[in-house]
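Overview (structure and organization)
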Number of protein chains: 2
Amino acid sequence: MKIISQVFQEISPADFFYRNREIAGFANPARAIFSAIRELVENSLDATEPVGILPDIYIRLSPVKGEGGEGENLYVLRVRDNGSGIPADYVPLAFCQFLFSSKYKLRQSRGTFGLGGTMTILYGQITTNKPVKVISSTGSQKIYEYTLMIDIERNRPIILDRKIRENERGWHGTIVELSLEGDYIKAMPKVLEYLKQTAIVNPYANIIFIDPRGRLYKFERVVLSLPPQPKETLPHPHGVDVEMLYRIIRVTRCKTLLDFMQEHFHRVGKRIAQRFLEFAGFPEEADPKSLKPEEIVKLVQAMKSFNDFLPPDADCLSPLGEEILRAGILKELEPEFVDVTQRKPSAYSGHPFIIEVGIAYGGKVPVRDDILLYRFANKIPLVYDESGDVSWKIVKSIDWRKYGLTPGMPFAVLVHICSTKIPWKTVGKEMIADIPEVSREILNGVREVARQLGAYLSKKERDKREKARLSVFAKYLPKIAEFSAKLAGRNEIPSVENLLRRAKKIEED
Amino acid sequence: MKIISQVFQEISPADFFYRNREIAGFANPARAIFSAIRELVENSLDATEPVGILPDIYIRLSPVKGEGGEGENLYVLRVRDNGSGIPADYVPLAFCQFLFSSKYKLRQSRGTFGLGGTMTILYGQITTNKPVKVISSTGSQKIYEYTLMIDIERNRPIILDRKIRENERGWHGTIVELSLEGDYIKAMPKVLEYLKQTAIVNPYANIIFIDPRGRLYKFERVVLSLPPQPKETLPHPHGVDVEMLYRIIRVTRCKTLLDFMQEHFHRVGKRIAQRFLEFAGFPEEADPKSLKPEEIVKLVQAMKSFNDFLPPDADCLSPLGEEILRAGILKELEPEFVDVTQRKPSAYSGHPFIIEVGIAYGGKVPVRDDILLYRFANKIPLVYDESGDVSWKIVKSIDWRKYGLTPGMPFAVLVHICSTKIPWKTVGKEMIADIPEVSREILNGVREVARQLGAYLSKKERDKREKARLSVFAKYLPKIAEFSAKLAGRNEIPSVENLLRRAKKIEED
């Protein structure tokens, strides 16, 4: 028998994502253009709004002409923001090393995997062989300008150039400029849809996009208030696993389990800690660092099954709020009717989340054969792979006729989930997984706004009928008055105004 | 203005997948049990069939009882195969280090990302805090038994124990045994479906599964022939990017571009290399190592746009073949009708692929409200997230009534794609992306077998009608004969046998 010997090989994280770029949203030239814009815009939003800055984002996609005749699918993408900037020493690693990021914390942010920006730069590099230029300042006295590439096999940044300029006007922000291959013509509908929807859920942002033909798309800020800033939070006991517990034990300074529980976990006070330790069968005075491996498992299992922990607090989340959501919808869709609702905070496996839902009818709401759904997660619009998303499943399961609605009418549903941990199905962040707690909240939220729209539509229908009835009155009452006057031999025709007014009043009551 | 300083952090690949285990198929206890079994079984199949061994795979999932009362969701999973085994020195890295694998080659295999096994071990570790035991031999004089854990923060194996035994009977293979938390009751339908479908596309394998209640599921080998072994192949010029070209240039010994093109790329002979270099505007004699960065881009762009390269050869692929596919379907579904087809090799972005399609009707084919679709990729059954898969889109787009079929009839469609690069949508390997070249082949394949089934069903319907007609003849002809005989005053009734036989014959012609 012949046994082929296997060749084993170690690859770097950069090499892994280089080989599997499809799963991160870079499957083909059209998708790549979309993902590149999306990733850089989201980094810009994450560098502004959560730190209290009203975002000004400028995006320019320019064609590269000339070079070798083959240039019509080569572009330069430049994205500039007025965000907090990146400390100079971190620029090369933050942009050109995979798995190096500021996003590996228990806090709501658009980025989760900490690899979108680097993935974009990698894609640009492997299609054009050109370096990326990053200009950044934190508002200090200097502006740093780096020219960088990625050493993919070793997952390290290569610094080709570094310039330092005086920051005379105290500018803070980041500019990223890179070359990439793409297909903007094909990507265009998705890119514009993405920007429009980004403007809906970020109505406090100014976004300017200049496309390869020089067309300017401008999404202007309509509110000046920002959502509450997301806070970093402690892990909820229900979401803890053995590895996490080990890591916390390694760094803790607590000498007793009673202190330990209160110090390191979300919403655990003294009384709850005591009741929990009794339930779990651990003495309050035990030293966390002396726990044996099997005791650690026992503690984790007890954390999962103890039902009296307080539910996670949504204070750490940054939902839009009904006002901002309404403003965003009114701005981009100009509907004749809008309703929004924010559900109460809920949680799955220890992760808090909030669902916000909106509905819009009429105005500029597009008409589609099927239901029009806008999906958002941590203020990111999701514009691909709708059919695999939990929200799509929910809106398709609803009997819309109950609310006087059928697909084909000009109405749109918006679902926004925010969480410290969005249950993504993929690294490309297109679909949200079907978690029971999440789908229940979405269903209830959609029903709530659908009822409001249903009530509005049935009132509108009633009004229309009454108006028709009144116009019949208005048409015939004068005739009757005239006829009656003639019949009575009177010259003066009595006024019907009072009668009409009364009829109208009865309708309105 | 307040600017919060960002905290940057580097995490290891192990830590990345630990934090994002949902995207690799470990979202919840039910899914985790399924994925654990699947990943280990696929590693076992990859260690046997592609190297010419008829697979014998033994899977045992046992409950862990007692420990602390909370034990009903803890299991021990043991998977044993008779594969090629893993060289002793590689065992710790291959099992307990992410991004270390034998699968990072241009060759068809079930594994792609090289992380399923390690992911399973990591999940077991973070839920039970127990090490994994790996026993392996390549058939040499020794059997190695390792007890291992993963240092997640550093992405390194921790060797807790290593035993060496004599391999007296020349055994080769691998045994993996690990503890994990899970929910087998919920996972059971998917696990059994997965094993049944694995048996359909791997009918040359013996697979035994013992579930937590001790029930034995046995899938026995019905064919002794293996599919052709997949071969490693060179990259096709259409799929080359700048990074790949750099890597090849770095290792090449070729002194001229003419040699270089022939040596390193798939199906490039001298004449094609000459025509291509002329097209691309490069001298044949140019030294590949002296190409400038912009020339490398130009060469890659030319490779993509030159239309006269030969299409990728499917020799490197290992499709099932019609015979094995038919045997698998007959064995597991015992249908009254089966048809299979293998499409001609095709390619997308330089990656060759082959689509195989089967259809089965009647027998043990389950009846479903909707169309019953079995999806396979490189001999892996895909049992989750059907609605996001390209094959589902295709079968839903077909007008089945044209073939005399409606959902609810006992028929099943099977689609198998094999490729050196399956266009996965996710790391969890549940869905195949909608690539135009792929969907076209699937559509044509499904139509082909559907036509065969349609023809079978209409013949069956015709036969039934004729049988009914003949039975009418058979009932009345003797009466007529009897009556006619009486009328003619004859005692002997003439035989109608000849007439009936003739009617039957006319029908059959």
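Residues numbered from 1 in each chain as written. Chains lettered and ligands numbered in written order. Predicted model: local features only at pLDDT ≥ 70, side-chain atom pairs only at ≥ 80, totals over all residues.

**Points about the overall build of chain A**
A count of helical and extended segments in chain A gives 13 helices and 16 strands. When the backbone C-alpha atoms are referred to their principal axes, chain A occupies close to 115 × 75 × 70 Å. In chain A, which comprises 509 residues, the proportion classed as buried is 48%. Long-range contacts, defined as pairs at least 24 residues apart, comprise 73% of the intrachain contacts of chain A with a sequence gap of at least 6. (Helix = DSSP H or I, 4+ residues; strand = E, 2+ residues; numbered from the N terminus. Buried ≥ 20, exposed ≤ 12 C-beta atoms within 10 Å, placed from the backbone. Contact = placed C-beta atoms within 7 Å.)

**What about the sheet that holds strand β3 (residues 74-81) of chain A?**
Pairing between the strands of a sheet comes from backbone hydrogen bonds, and it takes one of two forms, parallel or antiparallel. Residues and elements named next belong to chain A. The strand order across the open sheet built from eight strands is β7-β6-β5-β8-β3-β2-β9-β10, with neighbouring strands paired in mixed fashion. The open sheet terminates on both sides in strands that have one partner only, identified here as β7 (156-166) and β10 (216-219). Taken over all neighbouring pairs, the strand axes of this sheet differ in orientation by 15° on average, direction set aside. Across eight bridges, β3 lies against strand β8 (residues 172-181) in antiparallel orientation. Bridge pairing in β8 places Arg80 opposite Ile175. Against the sheet, helix α2 (residues 29-46) contacts β2 (56-63), β3 and β8, and its axis sits at roughly 15° relative to β3. (Pairing = 2+ DSSP bridges. Axes fitted to C-alpha atoms, helices over the stretch in contact; angles between N-to-C directions.)

**Quick notes on the interface of chain B and chain A**
Taken together, the contact pairs 56 residues of chain B with 57 residues of chain A. Looking at the side of chain B that touches chain A, the elements that each hand over two or more residues are β1 (9-10), α1 (13-19), β4 (100-101), α4 (116-128), α6 (242-251) and α9 (293-305) of chain B. Here the element with the most residues in the side of chain B that touches chain A is α9 of chain B; it accounts for six residues. Both strand β1 (residues 9-10) of chain A and β4 of chain B contribute to a ladder of two bridges, which runs antiparallel. Considered in β4 of chain B, the bridge of Glu10 of chain A is made with Phe100 of chain B.

**As for unusual backbone geometry**
One non-glycine residue with positive phi stands out, namely Lys429 of chain A, at about 55°. By the C-beta count within 10 Å, which is 27 here, Lys429 of chain A ends up buried. In this model, Asn129 of chain B sits at a positive phi of 65°, which is unusual for a non-glycine residue. With respect to the helices and strands, Asn129 of chain B occurs in the loop between α4 and β5 (132-138). Given 22 C-beta atoms within a 10 Å radius, Asn129 of chain B is considered buried.

**So, the sheet that holds β5 of chain B**
Residues and elements named next belong to chain B. The sheet built from eight strands is open, its strands ordered β7-β6-β5-β8-β3-β2-β9-β10 with mixed pairing. Each edge of the open sheet is held by one strand with a lone partner, namely β7 (156-166) and β10 (216-219). The sheet shows a mean angle of 15° between the axes of neighbouring strands, direction not considered. As paired elements, β5 and strand β8 (residues 172-181) share six bridges and run antiparallel to each other. Bridge pairing links Thr138 to His172 in β8.

**So, the relation of the copies chain B and chain A**
The transformation that overlays chain B on chain A combines an axial shift of 0.1 Å with a rotation of 180°, and the residual RMSD is 0.2 Å. The operation mapping one copy onto its partner corresponds to a two-fold rotation axis. (Least-squares fit on C-alpha atoms with pLDDT ≥ 70 in both.)

**Side note on the packing of helix α11 (residues 390-397) of chain B against helix α12 (residues 436-487) of chain B**
All names here are of chain B. Two elements in contact, α11 and α12, have axes separated by 10 Å at closest approach and are oriented at 45°. With respect to their mutual orientation, α11 and α12 come out oblique. You can see that α11 and α12 cross each other, and the crossing is right-handed. Of the residues in α12, those touching α11 at Val390, Ser391, Ile394 and Val395 are Val438, Ser439, Ile442, Leu443 and Val446. By residue class, the composition of the contact of α11 with α12 is seven nonpolar, two polar and no charged. (Parallel < 35°, antiparallel > 145°, perpendicular 65-115°, else oblique. Left-handed = near helix turned anticlockwise from the far one by under 90°. Nonpolar A, V, L, I, M, F, W, Y, C, P; charged D, E, K, R; others polar.)

**Comments concerning the domain arrangement of chain A**
Many descriptions give the size of an interface as the accessible area lost when the pieces come together. Residues and elements named next belong to chain A. Domain assignment breaks chain A into domain 1 (13-219), domain 2 (237-305), domain 3 (314-456) and domain 4 (466-508). One C-alpha centre belongs to domain 1, the other to domain 3; they are set 28 Å apart. Facing the 24 residues of domain 1 at the interface are 26 residues of domain 3. The greatest single-element share of the side of domain 1 that touches domain 3, amounting to nine residues, is contributed by helix α5 (residues 184-201). Across the side of domain 1 that touches domain 3, the residue classes tally to 11 nonpolar, seven polar and six charged. (Domains from an automatic or database assignment.)

**Description of the pairing of β3 of chain A**
Looking down a regular strand, the side chains alternate between one sheet face and the other. In the sheet, β2 of chain A pairs with β3 of chain A via seven bridges, with the strands oriented antiparallel. Paired with Ile57 of chain A across the strands is Asp81 of chain A, a residue of β3 of chain A.

**Some points on α9 of chain B**
Under the 1.5 Å per step criterion, the end-to-end length of α9 of chain B is 19 Å for 13 residues, consistent within 8% with the ideal 18 Å. Where α9 of chain B is concerned, the buried positions are Val297, Lys298, Leu299, Val300, Gln301 and Met303 of chain B. Where α9 of chain B is buried, its residues touch α4 (116-128) of chain A together with α6 and α8 (270-280) of chain B. (Expected span 1.5 Å × (residues − 1).)

**Observations concerning the environment of Glu492 of chain B**
Mapped onto the elements of the fold, Glu492 of chain B is located in the loop between α12 and α13 (497-508). Put simply, Glu492 of chain B and Val395 of chain B are 97 residues apart on the chain and 62 Å apart in space, counted from C-alpha to C-alpha.

**Brief notes about the environment of Glu263 of chain A**
Residue and element names in this part refer to chain A. You can see Glu263 is positioned in helix α7 (residues 257-264). Classification of Glu263 as partly exposed rests on a count of 15 C-beta atoms within 10 Å. Spatially, the C-alpha atom of Glu263 lies 27 Å from that of Pro319, the residues being 56 residues apart in sequence.

**As for helix α8 (residues 270-280) of chain A**
Residues and elements named next belong to chain A. For α8, the complete set of buried residues consists of Ala273, Phe276, Leu277 and Ala280. Buried residues of α8 fall within an arc of 100° about the axis and therefore sit on the same side. Facing away from the buried side of α8 by over 90 degrees, the exposed positions are Arg271 and Glu278. Within two residues after α8, Gly281 carries a phi angle of roughly 80°, on the positive side. (Arc of directions from axis to C-beta.)

**Quick look at the environment of Arg440 of chain A**
All names here are of chain A. Here Arg440 shows up in helix α12 (residues 436-487). Of the residues examined, Arg440 has 14 C-beta atoms within 10 Å and is grouped as partly exposed. Separated by 46 residues in sequence, Arg440 and Ile394 have C-alpha atoms that sit 8.9 Å apart.

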